[in-house]
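What follows is each chain in one-letter form.
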Amino acid sequence: KSRSPRTTKSRSHGFTHAQDMAPSGMLRGVVKQVLSGDTIVIMGLDSSRGPPPEKQLTLANLQAPRLSNRNNPVEQPFAWASRESLRAQLIGKEVSFSIDYANTAARQFGTVITNDGQSVALAIVAAGWARVQAPKPADGAPTASASPALEQLKEAEAAAKEHGLGQWTSEEGAATRSTRIVDYAPDVAALLKEFKGQRVSAVVEHVNSASSYRLTLLPGFQSISMMLVGVMTPVVKRDHATGTEEAAPLAREAKFFAESRVMHRTVRVVLEGIDKSGNLVGSVLHVVNEINMGAELLKVGLGKVADWSLSMTSSSATLRQAEAQGRNGRLNLWKGYTPPAAREGMSEYQARVVEVVGADVLIVHDGVSERRICLSAVKVPRAGFERRCDAGEPWAYEAKEWTRRAAIGKKVRVVPEFTRRLEARDAVAAGEGISAQGAKPEVERTYCAVFLGDRNLAAGLIGAGLALVNTQSRGDEISAHVDVLLDAERAAKERKGGMHGNKAPTGQPWNAGTDLTLPVNKARAQAFLASLQRDTKVRATVLHIVHGARYKCLVGREGIVISFALVGVRCPATARRDQPNSVSEPFADEAFELAKATLLQREVELEVETLDKNGVFMGTVHAPESKSPFSITLLEAGLASRIPPAADRSRHGIALEAAERSAREQRLKVWQGYAEAVEPEAEEEEEVVPADGAAEALRAALARLPEMDLNGTDVSDGVTFYAQPTSAATAGEAKRIEEALKGAGAIVAPTLTLKTGNACAARFSGDGSFYRAKVTAVLPGGQVELLFVDYGNSQTCALSECRPLDPSISLTATPPLALLCKLAYLVAPSVDDDAGRECAQALSELVLGRPVRARVERRAGHELAVTLLLGAPEGASGSGSSGPAGGGG
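A brief structural summary. (Residues numbered from 1 in each chain as written. Predicted model: local features only at pLDDT ≥ 70, side-chain atom pairs only at ≥ 80, totals over all residues. Heavy atoms only, no water.)

### A look at the overall build of the chain
Rules: The helix and strand labels rest on DSSP assignments: H or I over at least four residues marks a helix, E over at least two residues marks a strand, and numbering proceeds from the N terminus. Exposed residues in this analysis have more than 50% of their type's maximum accessible area, buried residues have under 20%, and partly exposed residues fall in between, with area computed by a 1.4 Å probe over protein chains only. Only heavy atoms matter for contacts: two residues are in contact if any of them lie within 4.5 Å across the pair. All accessibility values rest on the Shrake-Rupley procedure with a 1.4 Å probe; residue burial counts only the protein chains present in the view.
Looking only at helices and strands, the chain features 22 helices and 43 strands. Across the 889 residues in the chain, those meeting the buried criterion constitute 45%. Excluding contacts between residues fewer than 6 apart, the proportion of contacts in the chain whose partners are at least 24 apart in sequence is 64%. For the chain, the computed accessible surface area is about 44300 Å², with 50% contributed by carbon and sulfur atoms.

### Let's talk about the environment of I373
Among the secondary structure elements, I373 is positioned in strand β21 (residues 370-375). Each C-alpha atom of the pair I373 and Y447 lies 5.9 Å from the other, and the pair is 74 residues apart in sequence.

### A closer look at the sheet that holds strand β31 (residues 603-611)
For clarity, the threshold we go by: A pair of strands is labelled paired if DSSP reports no fewer than 2 bridges between them. Between the N-to-C directions of two axes lies an angle of 0 to 180 degrees, each axis being a line fitted to C-alpha atoms and, for a helix, fitted only over the stretch in contact.
With mixed pairing, five strands are arranged side by side around a closed barrel as β27-β28-β29-β32-β31. Each adjacent strand pair in this sheet contributes to an overall mean axis angle of 50°, direction not counted. Judged from the six bridges that link them, β31 and strand β32 (residues 617-622) form a sheet pairing that is antiparallel. For L611, the partnering residue across the bridge sits in β32 and is F617. Each of β27 (538-547), β28 (550-555), β29 (560-566), β31 and β32 touches helix α14 (residues 525-534); the most contacted strand, β31, lies at about 115° to it.

### Considerations on empty space enclosed by the protein
As a reminder, the rule being used: With a 1 Å grid laid over protein atoms only, a set of points is called a cavity when a 1.4 Å probe fits there but cannot get out and a pocket when it is open yet has protein on both sides within 12 Å along at least five of seven lines; lining residues have an atom within 4 Å of a point. Grid points are joined across faces, edges and corners, and a volume is the space filled by probe spheres set on the points. Note on residue classes: Ala, Val, Leu, Ile, Met, Phe, Trp, Tyr, Cys and Pro are nonpolar, Asp, Glu, Lys and Arg are charged, and everything else, Gly too, is polar.
Taken as a whole and assessed by the stated rule, the structure comprises two cavities of 30 Å³ or more. Considering only enclosed or pocket space, the largest cavity measures out at about 40 Å³ in volume. Together, L375, S376, E417, C448, A449, V450, N456, L457, A458, S479, H481 and L485 line the largest cavity. Among the secondary structure elements, those contributing two or more residues to the lining of the largest cavity are β24 (442-452) and α12 (457-463). Element by element, the count of residues in the lining of the largest cavity is highest for β24, at three residues. Taken together, the residues of the lining of the largest cavity sort by class into seven nonpolar, four polar and one charged. Size it by volume and the second largest cavity reaches roughly 40 Å³.

### Some thoughts on α14
Here α14 has its buried residues at A525, F528, L529, S531, L532 and Q533. Its buried side turned inward, α14 meets β27, β28, β29, β31 and β32.

### Details of unusual backbone geometry
Cis geometry is adopted by the peptide bond preceding P219, which originates at L218 and carries an omega value of 5°. You can see P219 is positioned in the loop between β11 (212-217) and β12 (222-228). In the Ramachandran plot, L250 falls in the positive-phi region, its phi being about 70° despite a non-glycine side chain. The exposure class of L250 is partly exposed, given its relative accessible area of 24%. Despite not being glycine, R667 has its phi angle at roughly 55°, a positive value. Along the chain, R667 falls in the loop between α18 (653-665) and α19 (674-685).

### Observations regarding the nonpolar core
Stated formally: The set of buried Ala, Val, Leu, Ile, Met, Phe, Trp, Tyr and Cys residues whose side-chain atoms join them within 4.5 Å is what this entry labels a nonpolar core.
By size, the foremost hydrophobic cluster in this structure holds 68 residues, and its most contacted members are Y213, L215, L271 and L362. V555, I632, L634 and L656 belong to the second largest nonpolar core, which has 39 residues in total.

### A closer look at the packing of aromatic side chains
Two aromatic rings, taken as a pair, are described by how far apart their centres are and by the angle between their planes. Put simply, the rule reads: Stacked, edge-to-face and tilted are the three classes for Phe, Tyr and Trp ring pairs, Trp counted by its six-membered ring, which pair at centre distances within 6.5 Å; planes under 30 degrees apart are stacked, over 60 edge-to-face, the rest tilted. Think of it as a cone above the ring: NZ of Lys or CZ of Arg counts as a charge over the ring if it is within 6 Å of the ring centre and within 35 degrees of the ring normal.
Under the criterion given, the structure shown has nine aromatic pairs. Ring centres of Y771 and F788 lie 6.3 Å apart, and the angle between their planes is 90°; on these two criteria the pair is classed as edge-to-face. Of this pair, Y771 sits in strand β37 (residues 770-779) while F788 sits in strand β38 (residues 783-788); the two residues are 17 residues apart in sequence, bridging distant segments of the chain. For the pair Y771 and F788, a shared accessibility class is recorded, and that class is buried. Each residue in the set F764, Y771, F788 and Y791 is aromatic and connected to the rest through ring pairs, giving one cluster. One residue, R413, lies across the ring of F451, its end atom 4.4 Å from the ring centre.

Honestly, it's all geometry; don't read function into it.
Written as structure tokens, this is what we have:
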């Protein structure tokens with residue numbers, strides 16, 4: 001409050017001396033509280049240096065009816081009316097006062113004069129709201145003759161009695177009607193149900209702190225305690241045992257700010273909810289323009305937004321704006337505040353998510369380096385520790401899986417909001433999966449808002465019912481998007497999604513018994529080999545990268561975790577964690593980072609080819625959004641080399657060789673020193689061929705190319721045909737497959753769901769027998785188009801003519817017997833015209849059902865580019881297999 005121009009600067013105990021307003025010797029102050037019809041609290045005028053001093057003063061020579069309280073619930077008649085009359089006259093007003101005397105209990109009695117020079121005591125007695133009571137000399141009061149004001153009071157009392165004013169009324173039943181019955185322990189739940197969202201008149205009886213009040217609701221006289229919704233302020237803690245007080249910074253200033261505006265004032269109260277302690281939470285609105293008390297505290301920086309209760313009110317936007325005003329003005333609690341964007345390393349940036357450590361902890365790569373970030377204002381279920389057999393809290397696995405599926409590998413926009421220093425045990429509790437033992441005493445974490453396009457990642461996680469909004473902020477640790485998160489949480493609760501519903505979480509899909517990476521389960525891996533080989537590709541999730549060519553994968557279909565290694569490929573070895581002195585081989589870390597960026601926590605497809613003696617499945621990994629296997633990616637980058645025997649046996653053997661050759665020729669990475677090693681050999685191989693010896697040299701070169709005997713099974717066009725190698729091994733495999741398929745027709749036709757690329761046993765319409773086939777297209781009406789892989793011809797048939805393929809003769813266990821052959825360096829007309837059909841017919845007559853000798857010019861998997869040699873070797877015969885071999889065209 002600013003001082004009146006009619007006061008001087010001289011003070012007595014913080015109160016200003018009056019000059020023109022009252023007799024000399026009187027002090028000036030502002031009435032802060034009206035405790036009863038005869039007792040008030042006056043505070044000093046000058047609050048520029050903090051809360052001014054206060055003085056409780058009882059009007060001398062009179063006594064008003066006593067109000068009730070919690071300890072003495074019996075109230076005298078007319079007590080409330082007496083207090084209300086004095087409150088309406090004085091609260092918030094400047095007065096002049098003097099202290100006349102004090103009793104032995106240190107209670108001070110005095111005279112109070114209003115600005116217009118009237119005696120307050122005389123006015124209240126004249127209105128009939130107090131009785132005159134001469135003080136006792138034993139209490140230190142002056143004699144009656146020494147107090148000329150006493151006679152005036154007696155005359156005013158007599159006049160009030162004569163006219164029946166105030167408590168002297170002669171109206172029947174007035175005393176009973178004027179006696180309040182105060183409910184000091186109301187049913188707060190019932191009050192909330194009755195008045196929620198409504199504006200209820202109330203009187204602020206006490207300010208516990210700037211954000212906590214004791215009020216009397218009108219007209220029902222319910223005495224309640226209420227906290228301001230969405231606002232928290234510093235508090236003064238009192239030790240009741242010692243009587244000492246400990247005030248937080250600016251706690252007294254904030255309390256004075258509230259007291260000077262609403263103490264003993266009539267206000268409008270809006271009840272919003274109930275906190276965990278059973279206290280009401282709501283808003284206090286000043287009767288003038290309905291100014292929100294919480295917003296006023298926030299504007300001047302004497303409070304901060306309390307996120308835990310902000311969701312209860314519809315005024316959240318108003319409170320956020322008010323807080324921003326105080327924060328931007330660096331007022332009081334915000335003094336010295338530095339916005340996150342202005343701090344070093346806290347500017348917005350684009351990045352790609354490379355790992356999901358926990359549901360709210362990500363590792364992102366900003367193009368230069370990796371950063372570990374946490375989602376701000378999110379509280380997720382605590383993750384478990386597999387090594388400690390700790391499953392964690394319910395929904396922890398589902399929450400992390402949601403974040404992984406939503407964010408891994410995606411480009412995101414990261415907006416840092418604040419940093420927090422955590423003790424090592426807090427970092428573990430935050431789901432970061434680190435051990436407190438040996439960790440640093442403190443770690444600093446950056447909390448951010450992460451956006452996938454326009455979608456807030458944290459809002460999506462909370463909206464799925466897999467996390468809650470963390471409303472326990474510290475200092476300036478405030479998320480600018482907390483309102484969006486609260487809306488998402490509210491929607492999830494209404495929808496009963498995730499943890500808010502009655503459905504139990506599925507939890508982690510594997511356990512110690514199905515983790516085949518554990519030594520105790522190594523022998524069980526063999527039992528799953530046939531199942532994983534049955535389909536050409538198996539979907540899996542890469543859980544962990546051991547090194548560039550070995551991974552830990554979850555096969556969701558089987559519910560198992562396996563160790564998987566790339567077949568025929570060797571990556572440089574990384575340093576072992578269990579050997580502190582070990583070091584990584586050259587380029588091992590680069591191979592590891594490439595595998596991490598490409599595969600970690602991604603959905604991949606595995607081609608399982610074999611199983612080694614250590615229980616490690618071996619094969620090929622197809623990374624998402626990649627056209628070639630990851631083995632080829634490593635080889636092309638020069639971060640791996642082939643293991644020739646195993647690579648040659650792989651179905652991708654030729655592609656692996658080509659990728660390695662490309663990197664070797666460019667001297668990439670592991671091949672950097674290769675040039676010096678092979679250069680002498682290259683010089684020795686160079687020959688000068690005389691012109692007249694060119695033909696002999698060409699014949700010698702051709703003689704070095706491999707030749708093989710083939711038996712044609714189907715012709716596609718004039719240069720393309722399928723053939724089986726003419727060998728005892730091929731004949732034996734054909735006989736074994738034929739025997740395995742003999743009983744397929746007796747199997748009751750199951751309901752198969754076939755997709756393009758799936759293998760099955762299918763009935764050939766030509767002889768009614770079953771043969772191995774591969775789906776090349778799924779047609780309407782329950783039809784599929786098939787390729788008989790051991791013979792090369794195609795057929796369309798119904799799903800009812802298909803059966804599951806026995807694992808012992810799967811395409812992985814036994815590769816297709818028919819090789820796709822093309823006449824090298826030739827192009828044939830299309831079979832749609834006459835010339836093309838004649839060409840195909842000629843090739844059919846040459847290769848079908850008879851042995852031919854072919855020279856292999858080049859090979860890519862099961863596709864050969866060949867030159868047919870005239871005549872067949874003596875003693876050559878067919879493969880001995882019979883089947884659905886087709887004719888030309």
